[in-house]
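One letter stands for each residue in the lines below.
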Amino acid sequence: MPSTYDVIVIGGGNAAFCAALAARESGASVLVLECAPIAERGGNSRFTAGAMRVAYNGVDDLARLVPDLTAEDRANTDFGAYTADQYYDDLCRVTQYRTDPQLAETLVGRSFETLLWMRSKGIRFAPIYGRQAFKVDGKFKFWGGLTVEAWGGGPGLVDALYGGAERDGIEICYESRALGLIHNDDGVNGVIVRRNGRTVNLAARAVVIASGGFEANVEWRTRYLGPGWDLAKVRGSRFNTGDGIRMALEIGAMPFGNWSGCHAVGWDRNAPDFGDLAVGDGFQKHSYPFGIIVNRGGLRFVDEGADFRNYTYAKYGRAVLEQPGQFAWQVFDRKVTHLLRDEYRIKRVTRVSANTLEELAGKLEDVDADSFLKEVRTYNDAVRTEIPFNPNIKDGRSTHGLQVNKTNWANTIDTPPFEAYAITCGITFTFGGLRIDGDAAVINTDGAPIRGLYAAGELVGGLFYFNYPGGTGLMSGSVFGRIAGASAGRAARG
C-alpha cells in the first residue's frame, strides 16, 4: 500500500463511495478505508431497503432514472410528482423547522441530478412498488413522496458502488481503522491507520470523513441521547461508533445538529443487538398505520395514523423505548393483514395470532390482558366507520373522544384472525455530528473551514431534528458525498 494519496476517504458506505467516485473523476488517486471485514462492508447502507427520496416533476423524470420503465408500468401506475417545494416543505415540517436551510436546499435541489450521476456510475434504480404503492380500483398509486429505490436494496446499492470504485481504480483497504487525523497549521494532510495490528501514517492532500454516526457506541448513546438508550438495539453496522466525529472534534471541528436526537424505529423485540446481514432491514415493522400499538399496560400511546409512515416511523422508536419494559405490540385484524409489508412475513419474527381477542390477549407476552381488551373495545367504539378507508391517501378515517386519537386509517379491530407483533426500539443513526459548508468542508469552532477536511453522510449535523422523511438518509449521503469528493479532488489536484 502506498503511503501517499491525493484523497483518503474514511468509511465504507454509500456516502463514502459517492465521495470516492467523485474524487476519482477529478483524476485524484483515492484510497477508501473500511474498518469492517469484506463480509461486513458497506456500513449502514448495506442494511437499508435502498429507498432514495428524490424531487421529480412527473413520470418523464422518473423514466430518466429508471429507463426500463415499461409502457404497462406507466399505464397501470399513478406515479404523481414530488416537487422540490414539496420535498423542502416535508423536510422542514418533520424537523419542526430546525433543519439548516442551506443544507436542506442543497439536498433537495441536487437530489435528482445526483441520482442521474449515480446511474452513470452503474447504479440502477427501480420504483418501490412493494412498499410505497397500493393498488386501488385497478391502479397503483404511490404515496408519501417516496418512489425510487436502488436495485437490490441496500446490498445491491453497496455492491454496485464497490463495483464502480474497482472499475475506476479506487483502492479499498478492509479491516483498516482510522484512529486520527494528521494535521498542522496548513490543515489536514493524512490519516493515522491501524491495519493488520500495526499503526501507520498515510499522507493525503485531502481527507473525506464518511464513517457514520455513533449509534453503535453504547457509551455515547447514553451520554448524548439520554438514559435508556443503552437498551436500544442497533439496526445496522456494529462499526458505526462515532470515530470519524471524534477525530474531527479532536482537531477543533464544530459539533452541530441534534446531538440528543436520532432515527429510531419499531424493531422486532427479539432481534439481535446489532444488524444481521442475513435479515437486513426485515426486523423493522412499519405497517402500524393500519393497526394499533399497545404497551405493557395494554394501552395505546401514539397516533398510529398521524401521517404516512414515511414521516413518523423514524421517531416512534423513541416512543417505544419510553414505554415500561421498552417494548410494545402492534395489533391487526384480517381486514388489513393483506396490506402488511413483507417484513411481517420473515421467519425470524415475534408474532402471535388468535381467532378471538380474548385468546390474543392471553398470548401478548408481558401485557395486561384485561386492560388490553378494554382498550380495544374503547378504540373500536370510537372509530368513525362512516368515513371510507383508503391506504393511498390520508383518508381522515379517525377516532373521536379518545385520550390518544388516531387521525387516519382507523379500522376497528374485530375481524378474526387477529395478529400481533412484538417490537422494541431499533436505532438507525444519530442526528448530531459535524458542521459543513456548501463545499462539504468541515467547519472549525471559529467558523472557518478546516483545510483539507470534508465530511458526508450520517455524521453531518444540522439536517435532521427529532425526525426525518423516509429515504432522505441515503439521498443525503449521495448528495453530500458527491460534493465532498469533488471538493476534495479539487483541493488535492489544484
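Owing to the predicted nature of the structure, the values given are computational and were not obtained by experimental measurement.

Draft legend 1. Highlighting the packing of aromatic side chains. Applying the stated criterion across every chain, the model contains 30 aromatic pairs. Both rings, one in Tyr 129 and one in Phe 142, keep their centres 5.4 Å apart while their planes meet at 50 degrees; by these two values the pair is tilted. In this pair, Tyr 129 sits in helix H7 (residues 129-132) while Phe 142 sits in strand S7 (residues 139-142), placing the two residues 13 residues apart along the sequence. For Phe 142, a relative accessible area of 8% corresponds to the buried category. What links up through ring pairs into an aromatic cluster is the set Phe 134, Trp 143, Phe 290, Phe 308, Phe 389 and Trp 409. When the ring centre of Tyr 311 is taken as origin, the NZ or CZ atom of Arg 93, which lies over that ring, is 4.9 Å away. Taking NZ or CZ as reference, Arg 309 lies 5.0 Å from the ring centre of Tyr 313, over its face.

Draft legend 2. Spatial organisation of the layout of surface pockets. In this structure, the largest pocket occupies an estimated 280 Å³ of space. Along its surface, the largest pocket is lined by 18 residues, and Ala 81, Tyr 82, Gln 86, Gly 144 and Gly 145 are the ones closest to its centre. Those elements that provide at least two residues to the lining of the largest pocket are helix H4 (84-94) and S7. Tallied by class, the residues present in the lining of the largest pocket amount to nine nonpolar, six polar and three charged.

Draft legend 3. Molecular detail of the sheet that holds strand S4 (residues 77-78). Strand order in the open sheet formed by three strands is S4-S7-S6, and the pairing between neighbours is mixed. One side of each edge strand has no neighbouring strand; the edge strands of this open sheet are S4 and strand S6 (133-136).

Draft legend 4. Structural detail: the environment of Gly 43. Note that Gly 43 resides in the loop between strand S2 (30-34) and strand S3 (51-52). Between the C-alpha atoms of Gly 43 and Ala 15, which are 28 residues apart in sequence, the distance is 9.7 Å.

Draft legend 5. Examining the pairing of strand S11 (residues 187-195) more closely. As paired strands, strand S10 (residues 176-184) and S11 are joined by eight bridges and run antiparallel to one another. Residue pairing in the sheet places Leu 181 in a bridge with Val 191 of S11. The antiparallel hairpin formed by S10 and S11 contains two residues in its connecting segment. With six bridges connecting them, S11 and strand S12 (residues 198-209) associate as antiparallel partners. Considered in S12, the bridge of Ile 192 is made with Asn 201.

What counts and how
- Residues numbered from 1 in each chain as written.
- Predicted model: local features only at pLDDT ≥ 70, side-chain atom pairs only at ≥ 80, totals over all residues.
- Heavy atoms only, no water.
- Phe/Tyr/Trp six-rings, centres within 6.5 Å; stacked < 30°, edge-to-face > 60°.
- Helix = DSSP H or I, 4+ residues; strand = E, 2+ residues; numbered from the N terminus.
- Buried < 20%, exposed > 50% of the residue type's maximum accessible area, 1.4 Å probe, protein only.
- Lys NZ or Arg CZ within 6 Å of the ring centre and 35° of its normal.
- 1 Å grid on protein atoms, 1.4 Å probe; cavity = no way out; pocket = protein on both sides within 12 Å on 5 of 7 lines; lining within 4 Å.
- Points joined across faces, edges and corners; volume = space filled by probe spheres on them.
- Nonpolar A, V, L, I, M, F, W, Y, C, P; charged D, E, K, R; others polar.
- Pairing = 2+ DSSP bridges.

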